[in-house]
Amino acid sequence: MPPLVIESTNSDKLNVIQTQCPFCSVQCKMQVTITEPAEGSNRLSYTIEGVANAASEGRLCVKGMNAHQHATSTERLLHPLIKRGGQFVEATWEEALRTIRDQFQATSEKYGPDAIGVYGGGSLTNETSYLLGKFARIALGTKYIDYNGRFCMSAAASAGTKVFGVDRGLTCRLADIPLARCIILAGTNIAECQPTLMPYFTKAKENGATIIVIDPRVTATAAIADIHLQVKPGTDAALANGLLKALEEEGLLNEKFIVEKTSGFYELKKHLSTIQIEDIASLTGISEADIRKAAIAYGKADTGIVFTARGVEQQTDGHMAVRGFLNLVLATGKIGKPGCGYGAVTGQGNGQGGREHGQKSDQLPGYRSIENEHDRAYVAKVWGIEPERLPRKGVSAYEMMELVHQDVIRSLFVMGSNPVVSNPNATLVEDGLAKCDFLVVADMFMSETARMADVILPVTSYIENTGTLTNLEGRVLLRESNVVAPGSTKHDWSILCELASLLGYESYFPFQTAEQIFEELRLASRGGLADYYGINYDRLRREGGVYWPCPSPDKPSAGIMFQNFFAHPDGRATFTAVESRQPHETPCEQYPLTMTNGRVLSHYLTGVQTRRSKTLAARNMDNFIEIHPKTATQYWIEEGEWVVVQSKRGSFTVRSRITDQIREDTVFVPMHWGGAQNVNRATSPELDPNCKMPGFKTSTVSIMPLRLQQELQAID
Ligand SMILES: Nc1nc2c(c(=O)[nH]1)N[C@H]1C(S)=C(S)[C@@H](COP(=O)(O)OP(=O)(O)OC[C@H]3O[C@@H](n4cnc5c(=O)[nH]c(N)nc54)[C@H](O)[C@@H]3O)O[C@H]1N2
Ligand SMILES: Nc1nc2c(c(=O)[nH]1)N[C@H]1C(S)=C(S)[C@@H](COP(=O)(O)OP(=O)(O)OC[C@H]3O[C@@H](n4cnc5c(=O)[nH]c(N)nc54)[C@H](O)[C@@H]3O)O[C@H]1N2
Ligand code: SF4
Ligand SMILES: [Mo]
């Protein structure tokens, strides 16, 4: 098949495209220049350059530099597919959409509307995320909608809401990083996961900042640390308690701030009196001296920022662990002024916006609550329905998969996710989807989940699809496109409108452009915590990006939040007494090692896109397991050989990578591969009770060379 030719919507050949990287939460802007094939070749060549904006300052990382390779890949799905007799056959949109309508109506008539589930993602634009929530509640009438951000942001987002009254990822601007004199990076590997942000941290270091990294591994981020706390996985809540106790003992609490701006300190103080730093040291594996040293560095600095990401958050106590770190911010008063704040380092391209406008089970647009009568009445009015027609809250992403497995959800609509690879306990998820009555997947590629679908809807990629995305700072950015959709691919939002019309709800989905959807989103979010009313496409074009909350079209919005008040009704932020827990799984004779997991620079999430980019795939062809040399010797494992990793849930096989940059009691596996190399075959589905985040980051496992397993099987 020839490579996809990029044409503009007015059918001219396009030479230069302005776009935005489809991957992580920095949302770097870029220019793609296309050069005609040389004589005798049909290969177009692409030159990618970073374009300056406030976040990326013109930088791009290797993923952004090569994102066009998947967008122009010959593996793109170009036409709808329907499975007949176990085989996919090409279909027209009319056939595909009618099949979906008929099946959804049959499911709904037989089992009720809640037998249909909707599963979204944080790569979708704000317009699509908003419309997906509306589609589920109005066109399908189901309460079951959730999205992959549950696995990503739920612990930090719910903690921010409890403590500050609102969650906006970063409470400050990226521009505050160089002004901070101490930075805590807890469970975040910025150097591989948001690489274009690294210069902000190196600038801070040049300005004299102390950098504290909390990670069980010596990552590329830990390489810039002045203090590296190589914590035992799953014990961050305890570590945060230890740091707080040390701040108290060293007399480094900001009493004025505590009295004027916070509540709950008295209870916290009582709780602190029960904590001994030496107990924390033995729980976390960090010496008392190092805990004290880190606390003093943060406590004594005039300014400081604490960042957390998935290392701290993807735990069964991730919500509380984040609240533990927020205690440090409040106890020292390092928030609401330049060079200070807290940042939950959001992951996906629209991980921030995707969690604000209603694709979460308990949420309506603008961070409104689906269980709050006032919020229901407001959104129902914008949508032109009676509030009673709005379903109540559903369940979280993994719980939806359990309901699929239990035949409660019979039909599932997946847009922008690959759940059979990214859910914990992936085998159960795969079994559930294999037996469910009807699965629809809207994707650009034949992902592991799409392969299991009854109908696949081919969608446009980032380069072809106009919409807004909100970056990790809470800054809304407009990604415009005048590239023609390849084959018969459609925009996600356009599919939702067509399907809603077929289901009889055309008047609620009259949209012809993404901008028209954004205009409705503005109204639906107006007066909510995530207020986008003051933002419109013209303003975004003019200003390059606008922070929310932004209630007024002609007033600037604030990069630094909480300069005067927090978002709780009393204007105060809340302290929390956090329990110092052991991880939910601790090593035992059968499963003696703790497995954690995460990312590498060149791949993105389940790898559906990056494994289809030749340049990126070439950097890491296979998945691997990082093992300390002493541990490798103990289990007869040699460098580069296949290793079987087994947990209570299941097993997978990956290559060994022996390195002294990890704790001896811990192994690390990336998450970018499916099938037999999928780490999630072994991860635990236990959920954090506060936010339903799975405890991805700590599972206990055993490891064995594949050759040994084969020899043992031969003896049997
Ligand atoms: N290259 C690349 N970049 C990405 C992505 C990608 O897939 N690839 N994904 C994007 C998305 S959606 C997300 S959510 C972000 C994720 O960004 P991060 O959260 O930074 O990424 P992870 O690698 O999952 O985890 C970060 C670190 O946590 C450490 N860690 C593991 N267990 C623990 C623990 O118990 N405690 C502590 N303190 N640390 C621990 C790991 O060793 C790892 O270095 O990245 C975004 N950017
Ligand atoms: N063990 C372990 N598991 C994890 C994590 C971990 O750290 N460890 N991290 C979790 C986290 S933080 C996340 S965010 C999840 C993510 O996990 P997934 O939700 O599975 O994310 P992706 O791999 O990005 O899957 C997105 C799918 O949508 C498609 N896609 C991309 N853009 C679009 C679009 O605009 N429209 C449509 N319709 N489709 C699109 C892609 O081709 C791909 O098939 O994984 C979670 N799972
Ligand atoms: S992956 Fe993230 S840091 Fe890299 S270019 Fe894309 S948006 Fe920028
Ligand atoms: Mo994520």
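Since the model is a prediction, treat every value here as computed from it, not as a measurement.

Rules used in this analysis
Residues numbered from 1 in each chain as written. Chains lettered and ligands numbered in written order. Predicted model: local features only at pLDDT ≥ 70, side-chain atom pairs only at ≥ 80, totals over all residues. Heavy atoms only, no water. Helix = DSSP H or I, 4+ residues; strand = E, 2+ residues; numbered from the N terminus. Rg over C-alpha atoms; globule rule 2.2 N^0.38 Å. Buried < 20%, exposed > 50% of the residue type's maximum accessible area, 1.4 Å probe, protein only. Contact = heavy atoms within 4.5 Å. Lys, Arg positive; Asp, Glu negative; His and termini not counted. Charge placed at Lys NZ, Arg CZ, Asp CG, Glu CD. Arc of directions from axis to C-beta. Polar contact = N/O pair within 3.5 Å; in protein donor to acceptor, adjacent residues only side chain to side chain. Pairing = 2+ DSSP bridges. Axes fitted to C-alpha atoms, helices over the stretch in contact; angles between N-to-C directions. Near = heavy atom within 4 Å. Areas by Shrake-Rupley, 256 points an atom, 1.4 Å probe, with all protein chains shown as cover. Nonpolar A, V, L, I, M, F, W, Y, C, P; charged D, E, K, R; others polar. Core = buried A, V, L, I, M, F, W, Y, C linked by side-chain atoms within 4.5 Å. Parallel < 35°, antiparallel > 145°, perpendicular 65-115°, else oblique. Left-handed = near helix turned anticlockwise from the far one by under 90°. Salt bridge = Lys/Arg side-chain N within 4 Å of Asp/Glu carboxyl O. Phe/Tyr/Trp six-rings, centres within 6.5 Å; stacked < 30°, edge-to-face > 60°. Lys NZ or Arg CZ within 6 Å of the ring centre and 35° of its normal.

### Some words on the overall build of the protein chain
Right, so step 1: Check the secondary structure of the protein chain and you find 24 helices and 28 strands.
Right, so step 2: Since a compact globule built from 716 residues should have a radius of gyration of about 27 Å, the 25 Å found for the protein chain is in line with a globular shape.
Right, so step 3: Considering only C-alpha atoms, the protein chain reaches an extent of 75 × 70 × 60 Å along its principal axes.
Right, so step 4: Of all 716 residues assigned to the protein chain, the portion counted as buried reaches 63%.
Right, so step 5: For the protein chain, the share of sequence-separated contacts (at least 6 apart) that also reach a separation of at least 24 residues comes to 73%.
Right, so step 6: When the 72 basic and 80 acidic side-chain charges of the protein chain are each reduced to a single mean position, those positions are 3 Å apart.

### What about helix 18 (residues 426-435)?
Residue pairs spaced three or four apart in an α-helix point in one direction, given the helix's 3.6 residues per turn.
Right, so step 1: Turning to helix 18, its buried residues number three or more, namely Ala-426, Val-429, Gly-432 and Leu-433. For helix 18, the angular spread of buried residues about the axis comes to 125°, placing them on one side.
Right, so step 2: The secondary structure elements touched by the buried residues of helix 18 are helix 16 (397-405), strand 16 (411-415), helix 17 (419-422) and strand 17 (438-443).

### Quick word on the environment of Arg-392
Right, so step 1: Examined against the element boundaries, Arg-392 turns out to sit in the loop between helix 15 (373-383) and helix 16.
Right, so step 2: Counting along the chain gives 23 residues from Arg-392 to Ser-369, while the straight-line C-alpha distance between them is 9.7 Å.
Right, so step 3: Arg-392 has contacts with Lys-143, Ile-370, Glu-371, Glu-373 and Arg-376, leaving out every residue within four places of it along the chain.
Right, so step 4: Within the structure, the side chain of Arg-392 is placed 3.1 Å from the side chain of Glu-373, a separation counted as a polar contact.

### Overview of the sheet that holds strand 9 (residues 210-214)
Right, so step 1: Read from one edge of the open sheet, five strands run 10-9-8-12-13, paired in parallel fashion. Edge strands, defined here as strands with exactly one partner in the open sheet, are strand 10 (227-229) and strand 13 (341-344). Taking the axes of each pair of neighbouring strands and ignoring which way they run, one obtains an average angle of 15° across the sheet.
Right, so step 2: As defined by bridge partners, strand 8 (residues 182-186) adjoins strand 9 across five bridges and the pair is classed as parallel. The residue bridging Leu-185 from the neighbouring strand is Val-213, located in strand 9.

### With respect to the site of ligand 1
Right, so step 1: Of all residues adjacent to ligand 1, which total 34 residues, the nearest are Asp-215, Asp-236, Arg-599, His-603 and Leu-605.
Right, so step 2: In the model, an oxygen atom of ligand 1 is placed 2.8 Å from a nitrogen or oxygen of the Arg-217 side chain.
Right, so step 3: The separation between an oxygen atom of ligand 1 and a polar main-chain atom of Arg-310 is 2.9 Å.
Right, so step 4: Burial of ligand 1 by the protein chains amounts to 100% of its free accessible area of 900 Å².
Right, so step 5: Put simply, the parts of the chain that give the shell around ligand 1 at least two residues each are helix 6 (190-193), helix 13 (310-313) and strand 23 (593-598).
Right, so step 6: Residue composition of the shell around ligand 1, grouped by class: 12 nonpolar, 14 polar and eight charged.

### Description of the site of ligand 3
Right, so step 1: Inspection of the region around ligand 3 gives Cys-21, Phe-23, Cys-24, Gln-27, Cys-28, Leu-60, Cys-61, Lys-63, Gly-64, Pro-195 and Thr-196 as its neighbouring residues.
Right, so step 2: The residue makeup of the shell around ligand 3, split by class, is seven nonpolar, three polar and one charged.

### A closer look at the nonpolar core
Right, so step 1: By size, the foremost hydrophobic cluster in this structure holds 124 residues, and its most contacted members are Phe-164, Phe-413 and Leu-457.
Right, so step 2: Setting aside residues no more than four positions away along its own chain, Phe-164 makes contact with Thr-171, Leu-326, Leu-330, Ile-335, Tyr-342, Phe-562, Phe-566, Ala-567, His-568 and Ala-573.

### Observations regarding the pairing of strand 24 (residues 624-627)
Right, so step 1: Side chains Phe-624 and Glu-626 project from strand 24 onto one buried face, and the interleaved Ile-625 and Ile-627 project onto a second face that is buried too.
Right, so step 2: Bridge count for strand 24 against strand 26 (residues 651-658) is four bridges, and the pairing is parallel. Its bridge partner lying in strand 26, Phe-624 is registered against Arg-655.

### Thoughts on the side chain of Ser-56
Right, so step 1: Within the fold, Ser-56 resides in the loop between strand 3 (45-51) and helix 1 (62-65).
Right, so step 2: Side chain to side chain, Ser-56 and Asn-53 meet in a polar contact 2.8 Å long.

### Re the environment of Pro-551
Right, so step 1: Tracing the backbone shows Pro-551 in the loop between strand 21 (546-547) and strand 22 (573-574).
Right, so step 2: Sequence separation between Pro-551 and Lys-692 is 141 residues, and the spatial gap between their C-alpha atoms is 31 Å.

### Quick notes on the pairing of strand 8
Right, so step 1: Along strand 8, five of the five residues are buried, which leaves the element largely enclosed by surrounding structure.
Right, so step 2: Burial along strand 8 is two-sided: Cys-182, Ile-184 and Ala-186 and Ile-183 and Leu-185, pointing in opposite directions, are all buried.

### A closer look at the packing of helix 8 (residues 236-249) against helix 10 (residues 265-272)
Right, so step 1: Packing of helix 8 against helix 10 leaves a shortest axis separation of 11 Å and a crossing angle of 100°. The orientation of helix 8 relative to helix 10 falls into the category roughly perpendicular. Side by side, helix 8 and helix 10 meet where Asn-241, Leu-244, Lys-245 and Glu-248 of the first sit next to Leu-268, Lys-269, His-271 and Leu-272 of the second.
Right, so step 2: Within the contact of helix 8 with helix 10, the residues separate by chemical class into three nonpolar, two polar and three charged.

### Some words on the packing of helix 8 against helix 12 (residues 288-300)
Right, so step 1: Packing of helix 8 against helix 12 brings their axes to within 8 Å, and their N-to-C directions diverge by 65°. For the pair helix 8 and helix 12, the sense of crossing is right-handed. Within the contact between the two elements, helix 8 uses Leu-239, Gly-242, Leu-243, Ala-246, Leu-247 and Glu-249 and helix 12 uses Ile-291, Arg-292, Ala-294, Ala-295 and Gly-299.
Right, so step 2: Its residues assigned to classes, the contact of helix 8 with helix 12 comprises seven nonpolar, two polar and two charged.

### Comments concerning the sheet that holds strand 19 (residues 467-470)
Right, so step 1: If you trace the three strands from one edge of the open sheet to the other, you get 19-20-21, paired in antiparallel fashion. In this open sheet, the two strands that pair with only one neighbour each are strand 19 and strand 21.
Right, so step 2: By the bridge criterion, two bridges tie strand 20 (residues 475-479) to strand 21 in an arrangement that is antiparallel. When the bridges of strand 21 are listed, Val-476 appears paired with Val-546.
Right, so step 3: Lying on the sheet, helix 4 (residues 126-140) is in contact with strand 19 and strand 20; it crosses strand 19 at an angle near 95°.

### Section: the pattern of salt bridges
Right, so step 1: Using the criterion set out here, one finds 38 salt bridges in the structure.
Right, so step 2: Connected through salt bridges with shared partners, the residues Glu-249, Glu-250, Glu-288 and Arg-292 form a single ionic network.

### Considerations on the packing of aromatic side chains
Right, so step 1: Going through the model one piece at a time under the given rule, you end up with 18 aromatic pairs.
Right, so step 2: Aromatic pair Phe-104 and Phe-438: ring centres 5.9 Å apart, planes at 85°, arrangement edge-to-face. Placement of Phe-104 in helix 3 (residues 93-111) and of Phe-438 in strand 17 is noted, with a sequence separation of 334 residues between them. The two residues Phe-104 and Phe-438 agree in class, both being buried.
Right, so step 3: Taking 5.6 Å as the distance between ring centres and 65° as the angle between the ring planes, the aromatic pair formed by Phe-201 and Phe-307 counts as edge-to-face. Of this pair, Phe-201 sits in helix 7 (residues 198-206) while Phe-307 sits in strand 12 (residues 304-308), placing them 106 residues apart in sequence. For the pair Phe-201 and Phe-307, one class covers both residues: buried.
Right, so step 4: Aromatic ring contacts, followed pair by pair, group Phe-104, Phe-135, Phe-413, Phe-438 and Phe-509 into a single cluster.
Right, so step 5: Taking the ring centre of Tyr-298 as reference, the NZ or CZ of Lys-334 above it sits at 4.8 Å.
Right, so step 6: One Lys or Arg, Arg-522, reaches over the ring of Tyr-533 and ends 4.7 Å from the middle of that ring.

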